[in-house]
Every structure is written in C-alpha cells, then in structure tokens.
Amino acid sequence: MRIYDIINKKKRGGVLTNEEIRFVIDGFTAGSIPDYQVSALLMAIYFQGMNAEETTAITMAMVDSGERVDLSAISGTTVDKHSTGGVGDKTTLIVIPIVAALGLPVAKMSGRGLGHTGGTVDKLESIPGFRTALSDKAFLDITINHGLCVAGQSANLAPADKKLYALRDVTATVDSIPLIAASIMSKKIAAGAECILLDVKTGSGAFMKTLEGAQALAKAMVDIGKGCGRKTAALITDMSAPLGRSIGNSLELKEVIQVLSEPAETVAQDLYSVCIALATNIAVLAECGTYEECEAKVKQTITSGDALKKLADMVEAQGGDRSYIEDPKNFPLAPHIVEITAPQGGYISDMDTEGVGIAGMILGAGRETSEDEIDYSAGVILHATTGDRVEKGQIIATFHTSKSAAIEPATSKFIAALTFAETPPPPRTMIYGKVGF
C-alpha cells in the first residue's frame with residue numbers, strides 16, 4: 001500500500017477503505033508518512049469530502065492511536081456533553097451537575113479556551129486549588145463517589161487527532177466538516193461515555209456561522225457516534241449573541257451559580273432555556289423518561305439545590321475551595337472595573353458575537369495563543385443584549401480587567417460589534433433543531 005496511491009484516489013473522488021485510512025493515520029502518527037503527503041491528502045479530503053463510512057473509519061483510527069478511558073467501574077449510564085464553543089458558553093458547568101443529580105454519572109474531559117471561545121477547564125481553575133490534572137484513578141474515584149468529574153484533556157487520548165489538527169491548522173483545511181466531526185468525536189469516543197449529547201452552535205460567535213453548516217456538522221457527528229455504537233444526538237443552538245450576561249472565567253462561574261441557585265425568572269433566559277433543553281435531552285437519551293418527565297426532573301434538581309450541591313461537591317473533591325460556590329462574593333474582582341455606555345439610542349438589532357468575545361480576550365479573559373496567561377477576573381458583564389432598547393449614554397456593559405491599557409482597544413472592539421436600529425429585531429430562536437432523536 002502506498003500513500004501516493006491513496007492521495008491520488010481521494011483526489012479523483014474515490015472512497016477510501018478502512019484499511020487505507022488506518023494505513024495513513026498509523027503511519028502519520030508513527031512518523032513513517034511525512035507531513036507533506038498527509039497535507040496533500042487533507043486538501044484532497046477538503047475538496048472531495050468523505051462519506052459516513054470514511055468519516056467513521058478515520059475517527060476510529062484516531063481513537064485507536066492512543067488510550068481509551070475505561071468507565072466500566074462506574075455504575076449507571078455514563079453520559080457526556082460537548083459544545084462546539086462560543087462566547088459566554090458556560091452550559092457545561094450548569095448541565096453536568098443537573099444530570100449528575102439525576103443519577104447520570106459524568107466523567108468529562110474538557111479543554112481550554114483559545115481565541116474568542118472560552119474553555120471549561122479555565123473557568124474551573126479560577127477557583128483556588130481546583131485541580132484538572134488528575135490520575136486515571138482519581139478521575140474514576142471522584143466520578144464514582146460524587147457522580148461527576150471534569151479533568152483536562154489527556155495527552156494520551158487520540159494523539160493522532162492532535163497531530164492531524166496541527167497540520168490542518170497550517171494547511172487551511174480546518175473547516176472540513178468530515179475532519180471537524182472526526183476530530184471532535186475521536187475524543188468523545190475515546191473518553192468512554194455511553195451517551196453523548198452534542199451542542200452544535202450556529203451564528204456569529206460560533207465556529208459554524210450558518211445553520212446549514214451546523215446541521216451538516218451535527219449529522220456527521222451523530223452518524224459517527226451511532227456508527228461506533230454510542231447513543232448519540234445533537235441540539236443545534238443559537239450563538240448569534242453571547243450566551244447569558246457574562247463573558248470571562250470567574251464572571252461566568254458566578255452566572256453558573258446564579259442559574260443553579262436563583263429563581264428561573266431572575267436569570268438570563270437564553271442561557272436558562274438552552275441549559276434546560278440540553279439537560280433534558282441528555283436524560284431522554286439515557287432513557288430516564290419522556291421529555292416532559294425529564295424536564296420536570298431537571299428543573300427539580302435546581303429548585304431543590306441538589307444540582308448546586310453536586311457542583312460544590314465536585315469542586316471540593318478536586319481540591320477546590322467549595323466556599324466559592326456557596327458564596328460567589330469570594331471571587332476577587334479585577335482592579336479596573338469600567339462602565340461602557342451606548343453611543344446612540346435604539347434597539348440593539350445585532351451583535352458580532354465573535355467581536356464581543358475578542359473584546360473580552362483583549363481585557364485578559366482569553367488567549368490569543370495557547371501560551372498566553374489568562375486573567376481569571378477579567379471579562380465583560382452585559383447589561384443589554386440583542387433585542388434590547390437602549391438610550392444614548394445608558395450603561396450597556398461593564399468591563400473587568402487588570403490591564404488599564406486594554407480598556408480603550410476593548411471598548412472600540414465592543415462598540416464596533418453592535419448594530420443599532422429603530423425597530424426591534426425578530427426574537428431569537430435558541431434551539432434550531434435536533435439530530436439523532
């Protein structure tokens with residue numbers, strides 16, 4: 001078998017066999033197939049695509065390039081949730097304590113934020129002492145004892161994906177739906193959960209800007225999951241505006257605590273509705289009842305305080321100070337807190353959500369490169385969002401930062417991300433659809 005022939009076959013629109021795909025992934029991971037030939041194959045895949053069988057095959061080849069997490073010691077139906085990322089997306093930290101309180105264990109591996117998107121690991125590490133680097137034994141023990149655990153991504157999980165992604169990043173082949181789907185699902189399959197719910201975002205703050213692209217990605221990932229024997233489904237959710245009212249690590253954790261502890265009508269309704277839908281659909285996927293029954297159970301975990309207690313228990317088990325969950329006033333504030341006012345009156349008719357996320361990154365809440373340090377206290381609190389009417393000079397946001405020099409460029413980026421109109425925009429649709437149910 002020759003890599004040259006495989007490249008030529010895909011270049012001409014041929015369908016690669018499982019053996020051919022494994023030959024490439026195994027050889028590339030081992031170093032026997034050079035970058036330049038894999039780059040050529042990636043570009044051929046970019047233009048010619050892959051069918052469902054090929055996409056499943058490349059996913060499983062990446063899974064088998066490393067270790068798999070064995071969750072068989074955990075009793076109950078193990079579940080996992082993955083979001084394709086966005087601005088203010090703190091849904092994981094709301095949803096997983098809810099489903100854990102329902103008796104569905106979550107042994108989750110999460111990543112860090114990069115660019116305008118935030119990372120679950122970064123948010124949790126804003127709690128003093130919280131550990132995300134865990135041994136396999138600690139990861140399983142915490143899940144067994146408390147029903148949930150969030151650890152950093154293991155380097156031994158689908159190492160071929162990491163190597164392949166680095167090559168895609170420099171060859172302009174990142175935005176290939178089969179390759180995106182295989183990249184995400186290789187880590188989800190290797191992580192071992194029986195049920196996987198995918199939250200595929202669409203809109204100006206999402207990786208998939210169009211609904212059509214989000215639908216295609218959702219279908220590709222669900223097909224992979226089912227092809228690999230996992231119960232898999234997806235929700236397509238809105239990211240045309242930041243989710244909730246907070247952007248930034250400790251600021252987002254405070255909002256997580258609000259959603260899990262305050263009356264539903266007092267919290268951001270976009271965030272609340274998406275989280276209830278995600279948690280309910282996980283419960284349905286795990287066969288906990290009808291949609292209506294599962295939704296009632298989900299809401300009960302919040303009103304009873306069970307979900308918040310699950311989060312606090314997990315924080316303590318992973319070395320964090322649970323008092324930060326019990327009293328979010330313990331989170332330190334940034335030294336510079338600045339109010340941003342509306343430059344004109346009218347309705348906020350649209351937000352360039354990625355631009356708002358970049359404003360938060362400038363303030364110190366995110367990373368431009370993987371080596372950048374994060375300021376856990378930095379970020380943006382929104383006092384107005386898409387659809388709200390504001391007056392000129394009204395406070396529409398509050399910036400938190402440790403870098404006074406960042407305030408002016410972040411303000412310019414934030415204001416430029418807003419569009420004003422005399423008439424209100426149509427109401428936001430938070431859930432566009434489901435795939436796999």
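Each aromatic ring pair is described using two quantities: the centre-to-centre distance and the angle formed by the ring planes. Counted according to the given criterion, the structure contains 3 aromatic pairs. Summarising the aromatic geometry, the rings of Y46 and F47 are spaced 5.1 Å apart at their centres and angled 90 degrees between planes, so their arrangement reads as edge-to-face. If you follow K434 out to its NZ or CZ, it ends over the ring of F437, 5.3 Å from the centre.

Attention now goes to the nonpolar core. Judged by nonpolar contacts, the single largest core of 75 residues is most densely connected at I127, L260 and F414. If you tally residues by element for this core, the top one is helix α12 (residues 269–285), at 10 residues. The residues touching I127, leaving out its near neighbours within four places in the chain, are L253, V315, G320, D321, Y324, I325 and F331. With 36 residues, the next largest nonpolar core counts L134, C149, M185 and A218 among its residues.

Moving on: the pattern of salt bridges. All chains considered together, the criterion is met by 24 salt bridges. Residue K209 pairs with E354 through a salt bridge whose shortest N-O separation is 2.8 Å. With K209 in the loop between β4 (195–202) and α10 (211–227) and E354 in helix α16 (residues 353–363), this residue pair connects regions lying 145 residues apart in the sequence. You can call E354 partly exposed: its relative accessible area is 26%. D270 is paired through a salt bridge with R428; the nearest N and O atoms lie 3.2 Å apart. With D270 in helix α12 and R428 in the loop between β12 (418–421) and β13 (431–435), this pair connects stretches of sequence that are 158 residues apart. A relative accessible area of 13% places D270 in the buried class. For R428, a relative accessible area of 25% gives the class partly exposed.

Further remarks concern the packing of helix α5 (residues 91–101) against α12. Interaxial distance between α5 and α12 falls to 9 Å at its minimum, and their mutual angle equals 40 degrees. Taken together, the axes of α5 and α12 are oblique relative to one another. Remark: the crossing between α5 and α12 carries right-handed chirality. Residues T91, I94, V95, I98 and V99 of α5 form the contact with α12, whose own contacting residues are L271, V274, C275, L278, A279 and I282. Residues that form the contact of α5 with α12 fall into these classes: 10 nonpolar, 1 polar and no charged.

This brings us to unusual backbone geometry. Leaving glycine aside, a negative phi is the common case for residues, and trans is the common case for peptide bonds. Within the chain, A172 stands out as a residue other than glycine whose phi angle is a positive 60 degrees. The residue E287 is not glycine, and still its phi comes out positive at about 60 degrees. Mapped onto the elements of the fold, E287 is located in the loop between α12 and α13 (291–303). Using a relative accessible area of 62% as the deciding quantity, one classes E287 as exposed.

Once that is clear, we can look at the sheet that holds β12. Strand order across the open sheet formed by 3 strands is β10-β8-β12, with antiparallel pairing between neighbours. For this open sheet the edge positions go to β10 (389–390) and β12, each flanked by a neighbour on one side alone. Strand direction decides the pairing type here: strand β8 (residues 346–351) and β12, joined by 4 bridges, are antiparallel. From the neighbouring strand, M351 faces β12, where its bridge partner is L418.

Moving on: the sheet that holds strand β1 (residues 79–83). Here 4 strands make up an open sheet; going across it, the order is β1-β4-β5-β13 and the pairing mixed. Each end of this open sheet is capped by a strand with a single partner; those strands are β1 and β13. Here the strands of the sheet are splayed against their neighbours by 15 degrees on average, with no regard to which way each runs. When β4 meets strand β5 (residues 231–238), the two strands line up parallel, connected through 8 bridges. Within β5, the residue paired with D199 across the bridge is L235.

Each value, and the rule that gives it
- Residues numbered from 1 in each chain as written.
- Predicted model: local features only at pLDDT ≥ 70, side-chain atom pairs only at ≥ 80, totals over all residues.
- Heavy atoms only, no water.
- Phe/Tyr/Trp six-rings, centres within 6.5 Å; stacked < 30°, edge-to-face > 60°.
- Lys NZ or Arg CZ within 6 Å of the ring centre and 35° of its normal.
- Core = buried A, V, L, I, M, F, W, Y, C linked by side-chain atoms within 4.5 Å.
- Buried < 20%, exposed > 50% of the residue type's maximum accessible area, 1.4 Å probe, protein only.
- Helix = DSSP H or I, 4+ residues; strand = E, 2+ residues; numbered from the N terminus.
- Contact = heavy atoms within 4.5 Å.
- Salt bridge = Lys/Arg side-chain N within 4 Å of Asp/Glu carboxyl O.
- Axes fitted to C-alpha atoms, helices over the stretch in contact; angles between N-to-C directions.
- Parallel < 35°, antiparallel > 145°, perpendicular 65-115°, else oblique.
- Left-handed = near helix turned anticlockwise from the far one by under 90°.
- Nonpolar A, V, L, I, M, F, W, Y, C, P; charged D, E, K, R; others polar.
- Pairing = 2+ DSSP bridges.

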